[in-house]
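Chain by chain, the residues run as shown.
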Amino acid sequence: MTIDQRPGKQDGGATGHRSPGAALRALLAEANAAPIMGVHDGLSARIALAEGFQALWASGLCMSTVLGVRDSDEASWSQLLALVESIVSSVDVPVLVDADTGYGNFNTARRFACKVEGLGGAGICLEDKQFPKMNSFVGDGHALAPVGEFSGKIRACKDAQIGSDFVVVARTEALIAGHSVSEALARAEAYREAGADAIFIHSRQRTVDEIAEFAVEWAGRHPLVIAPTTYYDTPIARFRELGIDGVIWANQGLRAAVTAMHAAYAEMWRDRGVTGIEPRIATLKQIFSLLRYDELEAAEQRYAGLIS
Ligand code: SPV
Ligand code: MG
C-alpha cells in the first residue's frame, strides 16, 4: 500500500528494480557530482522527488531541527528512525541516512545500520567524531575518534549488512577539527581499507580550496562525497572537474522552509489575517497532489465496490 503511494512507483522512479543501495552506487559511479538533496521528513522527500532529485540525504541536522532539538545526538533512535521511515516510504529514490558517529561504539553503529537497511535506506554515513557529536558548524571543540576505533565501526557495519548493495559512507571530520589535508587523506585511506564504500570529506572553509587539495590527492581512488554548505558558490562544474561523485545540499531545503514560514507567520500575525499570504502559499490541491490523494481515489474505485 505504501509503495503504491510513492510517486516513483508510477513514474518508473530512479530505483526501478534495483535495490536502493544499488541505485545509490550507480549514481555515484557516474562520477558526475550527482546532487543529493537534504531532507527531513516524508513531505520534504516528496518535494525533492517532485523537483527531480535522484537521491536524498536524510540529514541529522535537519531531522533534529524539525524535532525541535539540537544536532548533538539529542534526538532518540526511535524519533530519527520514524523520520527515516517516513522519508524512505515516501519516495522511490535512494536515501543515504546520516548516522552521526553511530551513537556509541561499533555495536551501536552496526545496529543502527541494520535498522536503516531494514527500513529500505540505501546506506548510512558515519562520521569520525566522538560521541556525543556537535554539528560541524558549531564551535571549535570537535574531537576525533581514534582511526582504529572508527575503522572498526566501519568494518562492523559492513559485516552486519544483509544485502551486498547497502552503502556505508565514511565521513572524515579531520578538516572540521582543524587538522591538515594530509591527516584527512590518511584517515580516508584507512576507512577505505576498512571497507567503506565511499568517503565524505567535510570542510567548513568559505572556499573550495582545501576540498580541492584533498580531491586532487585522492585522485579518484574511491567515490567521494561533499556537502558544500560554506563554499556554496562553487559551481558544480568545478566539483566535476575535481572528480567529486556526490554533492549533498544538506540543509538548504530546511533553511528555505524556515525563511518562508517566518515570513508567512509574521505577516499573519501582523495582519491578524491570512488574506495577504493566500496567493503566495501552496494550494491544498498541491498538497493533495504531493501526497497522491488521486491514488486513494483510484483504489476506492477498484476495491471498495468489492466489499459487500
Ligand atoms: C547534516 O546534514 O546533518 C550533516 C551535514 O551532517 S552538515 O550539517 O553540513 O554537517
Ligand atoms: Mg549530520
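Structure: above.
Residues numbered from 1 in each chain as written. Chains lettered and ligands numbered in written order. Predicted model: local features only at pLDDT ≥ 70, side-chain atom pairs only at ≥ 80, totals over all residues. Heavy atoms only, no water.

Peer 1: Mind showing me how you'd approach the environment of W77 here?
Peer 2: Among the structural elements, W77 can be located in helix 6 (residues 77-88). The sequence separation of W77 and G276 amounts to 199 residues, and the corresponding C-alpha distance is 41 Å. Setting aside residues no more than four positions away along its own chain, W77 makes contact with Y103, T108, R111, F112 and K115. (Helix = DSSP H or I, 4+ residues; strand = E, 2+ residues; numbered from the N terminus. Contact = heavy atoms within 4.5 Å.)

Peer 1: Can you help me understand the environment of V95 in this one?
Peer 2: Structurally, V95 can be placed in strand 3 (residues 95-98). Linking V95 and G120, residues 25 residues apart in sequence, is a C-alpha distance of 8.3 Å. Residues in contact with V95, not counting those within four places in the same chain, are L56, A58, I87, V88, G121, A122 and G123.

Peer 1: Hey, could you run me through the pairing of strand 8 (residues 246-249) in this one?
Peer 2: Moving residue by residue along a regular strand, the side chains alternate between the two faces of the sheet. Note that strand 1 (residues 34-39) and strand 8 share 4 bridges and pair parallel. Across the sheet, the residue bridging to M37 is W249, located in strand 8. In this structure, strand 7 (residues 224-226) lies alongside strand 8, joined through 2 bridges in parallel fashion. Each bridged residue has a counterpart across the sheet, and for V225 the counterpart in strand 8 is G246. Handedness of the crossover joining strand 7 and strand 8 through helix 11 (residues 236-241) is recorded here as right-handed. (Pairing = 2+ DSSP bridges. Right-handed = clockwise from strand over helix to strand, strands pointing away.)

Peer 1: Any chance you could explain unusual backbone geometry here in plain terms?
Peer 2: As a rule of thumb, non-glycine residues mostly have phi less than zero, and peptide bonds are mostly trans rather than cis. Cis geometry marks the peptide bond from F131 to P132; its omega dihedral reads -5°. Assignment of secondary structure puts P132 in the loop between strand 4 (123-127) and helix 8 (147-160). If you check the backbone angles, D73 has positive phi at about 60° while not being a glycine. Along the chain, the position of D73 falls in the loop between helix 5 (60-66) and helix 6. The phi dihedral of R272 is positive, around 45°, even though this residue is not glycine. Note that R272 resides in the loop between helix 12 (252-271) and helix 13 (284-290). By relative accessible area, R272 is classed as exposed at 59%. (Buried < 20%, exposed > 50% of the residue type's maximum accessible area, 1.4 Å probe, protein only.)

Peer 1: Looking at this structure, how should I read the pattern of salt bridges?
Peer 2: Any two side chains of opposite charge can pair, on the condition that their charged atoms come close. Counted under the stated rule, the structure contains 21 salt bridges. When the shortest N-O distance is used, the salt bridge between D159 and R155 registers 3.1 Å. Here the residue D159 and the residue R155 both occupy positions in helix 8, the gap between them amounting to 4 residues, near one helical turn. Among the residues examined, D159 registers a relative accessible area of 56% and is labelled exposed. R155 sits in the partly exposed class, given a relative accessible area of 37%. Across the pair R192 and E189 runs a salt bridge whose closest N-O atoms are separated by 2.7 Å. Linking R192 with E189, this pair stays in helix 9 (residues 181-194), spanning 3 residues, or about one helical turn. Relative accessible area serves as the criterion here: at 17%, E189 is assigned to the buried category. Through salt bridges with shared partners, a single network forms among D71, D100, E127, K129, K133, R171 and E173. (Salt bridge = Lys/Arg side-chain N within 4 Å of Asp/Glu carboxyl O.)

Peer 1: In this structure, what is going on with the packing of helix 7 (residues 106-119) against helix 8? I would like to understand it.
Peer 2: How two helices pack is summed up by the angle between their axes together with the distance between the axes. Running from N to C, helix 7 and helix 8 point in directions that differ by 35°, and their axes come no closer than 8 Å. When the axes of helix 7 and helix 8 are compared, the crossing they make is right-handed. Residues F106, A109, R110, A113 and C114 of helix 7 lie in contact with helix 8, whose contacting residues are G152, K153, A156, C157 and A160. Class assignment of the residues belonging to the contact of helix 7 with helix 8 gives a composition of 7 nonpolar, 1 polar and 2 charged. (Axes fitted to C-alpha atoms, helices over the stretch in contact; angles between N-to-C directions. Left-handed = near helix turned anticlockwise from the far one by under 90°. Nonpolar A, V, L, I, M, F, W, Y, C, P; charged D, E, K, R; others polar.)

Peer 1: Looking at this structure, I do not really get the site of ligand 1. What am I missing?
Peer 2: Contacts to ligand 1 come from W57, S59, G60, L61, D98, N135, S136, F137, R171, H202, T229 and A250. At 2.8 Å from an oxygen atom of ligand 1 is found a side-chain nitrogen or oxygen belonging to D98. For the shell around ligand 1, the per-class residue count stands at 4 nonpolar, 6 polar and 2 charged. (Near = heavy atom within 4 Å. Polar contact = N/O pair within 3.5 Å; in protein donor to acceptor, adjacent residues only side chain to side chain.)

Peer 1: Can you walk me through the packing of aromatic side chains in this structure?
Peer 2: Any two aromatic rings considered together are summarised by their centre-to-centre distance and by the angle between their planes. Evaluated as defined, the whole model comprises 9 aromatic pairs. In textbook terms, an aromatic cluster arises when at least three aromatic residues are bridged by ring pairs, as seen for W77, Y103 and F112. Here the guanidinium or amino end of R171 rests over the ring plane of F200, the centre of that ring lying 4.8 Å away. Taking NZ or CZ as reference, R272 lies 3.7 Å from the ring centre of W269, over its face. (Phe/Tyr/Trp six-rings, centres within 6.5 Å; stacked < 30°, edge-to-face > 60°. Lys NZ or Arg CZ within 6 Å of the ring centre and 35° of its normal.)

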